[in-house]
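Structural characterization, general
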Amino acid sequence: MEQTLIILKPDAVERGLMGRILSRFEQMGLKIVAAKLMKTPRSLAEKHYPGNREVWLRGMGEKTLENYKKFGEDPIKLLGTNDTHEIGMMIQKWLVDYIVSGPVLAFVVEGPHAVELTRKICGNTLPFLASPGSIRGDLAYDSSYLANSGKRAIKNLVHASGSIEEAKYEIPLWFDSSEIFEYERAEEKVMQ
Ligand code: ADP
Ligand code: MG
């Protein structure tokens, strides 16, 4: 049994997609054990996207460079640098600005394989690469080219913890243990 953090980012809320996205998780049988609509404090955003964690920053930089290489895009031309740390810092700032730009719906789902199932239903980070049927693939089309030439984060509607370890770090940032509930869903008897 796993728990994972999902955040419907400001573009999802502003486009009126909350219900549609939330229902995908409910339909799949994942249990919503916490939820709140909130404006993200900048201090929380900075912990969630940790600009002081070198491994995280370089990881963001590396992933971005890999994508640029795959699509023949020039990091120097788009970002002014090909240094992974600098790229990570740049994206972290854009990400924080994006997540604090409007209300978000944060929620926690629970279920067997919740982390992996959630990543799968969200789809690829880059919406233009996300498979049809996934949330990002069905409802968005952004790319790193569009985002980075506009000096902003990729608008991909949803955040989902990338691993069990990430979920364990992220959930307590957003929810107090008293805001996470235990209950039984009617389908549990049939599905398990
Ligand atoms: P995911 O959200 O799929 O776990 P990452 O953890 O790699 O993806 O990145 C976090 C978020 O940063 C992404 O959801 C996206 O909004 C944004 N992002 C990732 N790469 C870039 C990039 N090259 N330019 C702008 N924003 C990016
Ligand atoms: Mg991630």
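All of these numbers come straight from a predicted model, not from anything done at the bench. (Residues numbered from 1 in each chain as written. Chains lettered and ligands numbered in written order. Predicted model: local features only at pLDDT ≥ 70, side-chain atom pairs only at ≥ 80, totals over all residues. Heavy atoms only, no water.)

With that settled, consider helix H7 (residues 114-122). Side chains of residues three or four places apart in an α-helix project in the same direction, reflecting 3.6 residues per turn. All buried positions along H7 are accounted for by Ala114, Val115, Thr118, Ile121 and Cys122. The arc that holds the buried residues of H7, viewed along the axis, is 135°, so those residues lie on one side. Turned more than 90 degrees from where H7 packs its buried face, Glu116 and Lys120 sit exposed. Taken together, the buried residues of H7 touch strand E1 (2-8), helix H2 (18-28), strand E3 (104-111), helix H8 (135-139), strand E4 (158-160) and helix H10 (164-174). (Buried < 20%, exposed > 50% of the residue type's maximum accessible area, 1.4 Å probe, protein only. Helix = DSSP H or I, 4+ residues; strand = E, 2+ residues; numbered from the N terminus. Arc of directions from axis to C-beta. Contact = heavy atoms within 4.5 Å.)

What follows is about the site of ligand 1. Taken together, 14 residues lie near ligand 1, and Lys63, Arg119, Thr125, Asn148 and Asn156 sit nearest. One nitrogen or oxygen atom from the side chain of Lys63 is found 2.5 Å from an oxygen atom belonging to ligand 1. In the model, an oxygen atom of ligand 1 is placed 2.8 Å from a nitrogen or oxygen of the Ile154 main chain. Of all the elements in the fold, those that place two or more residues in the shell around ligand 1 are helix H4 (54-70) and helix H6 (84-99). Considering every element that reaches the shell around ligand 1, the biggest residue donor is H4, with three residues. (Near = heavy atom within 4 Å. Polar contact = N/O pair within 3.5 Å; in protein donor to acceptor, adjacent residues only side chain to side chain.)

For the rest of this paragraph, the subject is the pattern of salt bridges. Scanning the entire structure with this criterion turns up ten salt bridges. Between Arg152 and Asp142 there is a salt bridge, and its shortest N-O distance comes to 2.7 Å. You can see Arg152 sitting in the loop between helix H9 (144-149) and E4 and its partner Asp142 sitting in the loop between H8 and H9, a full ten residues away along the chain. The class for Asp142 is buried, based on a relative accessible area of 6%. Here the salt bridges share partners, and the residues they tie into one network are Lys31, Glu110 and Glu188. (Salt bridge = Lys/Arg side-chain N within 4 Å of Asp/Glu carboxyl O.)

Running from N to C, H4 and H6 point in directions that differ by 95°, and their axes come no closer than 7 Å. It follows from the interaxial angle that H4 and H6 lie roughly perpendicular. Contacts between H4 and H6 involve Glu54, Trp56, Leu57, Arg58, Met60, Gly61, Glu62, Thr64 and Leu65 on the former and, on the latter, Thr84, His85, Ile87, Gly88, Met89, Ile91, Gln92 and Leu95. Of the residues assigned to the contact of H4 with H6, the class counts are eight nonpolar, six polar and three charged. (Axes fitted to C-alpha atoms, helices over the stretch in contact; angles between N-to-C directions. Parallel < 35°, antiparallel > 145°, perpendicular 65-115°, else oblique. Nonpolar A, V, L, I, M, F, W, Y, C, P; charged D, E, K, R; others polar.)

Taken in spatial order, the four strands line up as E2-E3-E1-E4 in an open sheet, and their pairing is antiparallel. Strands with a single pairing partner mark the edges of an open sheet, and in this sheet they are strand E2 (31-38) and E4. When strand polarity is set aside, the average angle formed by the axes of neighbouring strands in this sheet is 15°. Packing of H2 onto the sheet brings it into contact with E1, E2 and E3, and relative to E3 it is tilted by some 10°. H7 contacts E1, E3 and E4 of the sheet and is inclined by roughly 30° relative to E1. (Pairing = 2+ DSSP bridges.)

Grouped together as the largest cluster of nonpolar side chains are 30 residues, with contacts concentrated most on Leu5, Ile7, Leu95, Ile99, Val108, Trp174 and Phe175. Mapped by element, the contributors of at least two residues to this core are E1, E2, helix H3 (42-48), H4, helix H5 (75-79), H6, E3 and H10. The dominant element in this core, judged by the number of residues it contributes, is H6, at seven residues. Setting aside its immediate chain neighbours within four residues, Leu95 contacts Tyr49, Trp56, Met60 and Ala153. Counting residues in each nonpolar core, the second largest holds 20 residues, with Leu8, Leu17, Ile32 and Ile135 among its members. (Core = buried A, V, L, I, M, F, W, Y, C linked by side-chain atoms within 4.5 Å.)

Next up on the list: a nonpolar patch on the surface. Taken together, the side chains of Phe71, Phe128 and Leu129 make up a nonpolar region of the molecular surface, amounting to roughly 240 Å² of accessible area. The partly exposed category is assigned to Phe128, whose relative accessible area is 40%. (Patch = residues over 30% accessible without salt bridge, like charges linked within 9 Å, V, L, I, M, F, W, Y side chains within 5 Å. Areas by Shrake-Rupley, 256 points an atom, 1.4 Å probe, with all protein chains shown as cover.)

Distances and angles like these do not, on their own, reveal function.
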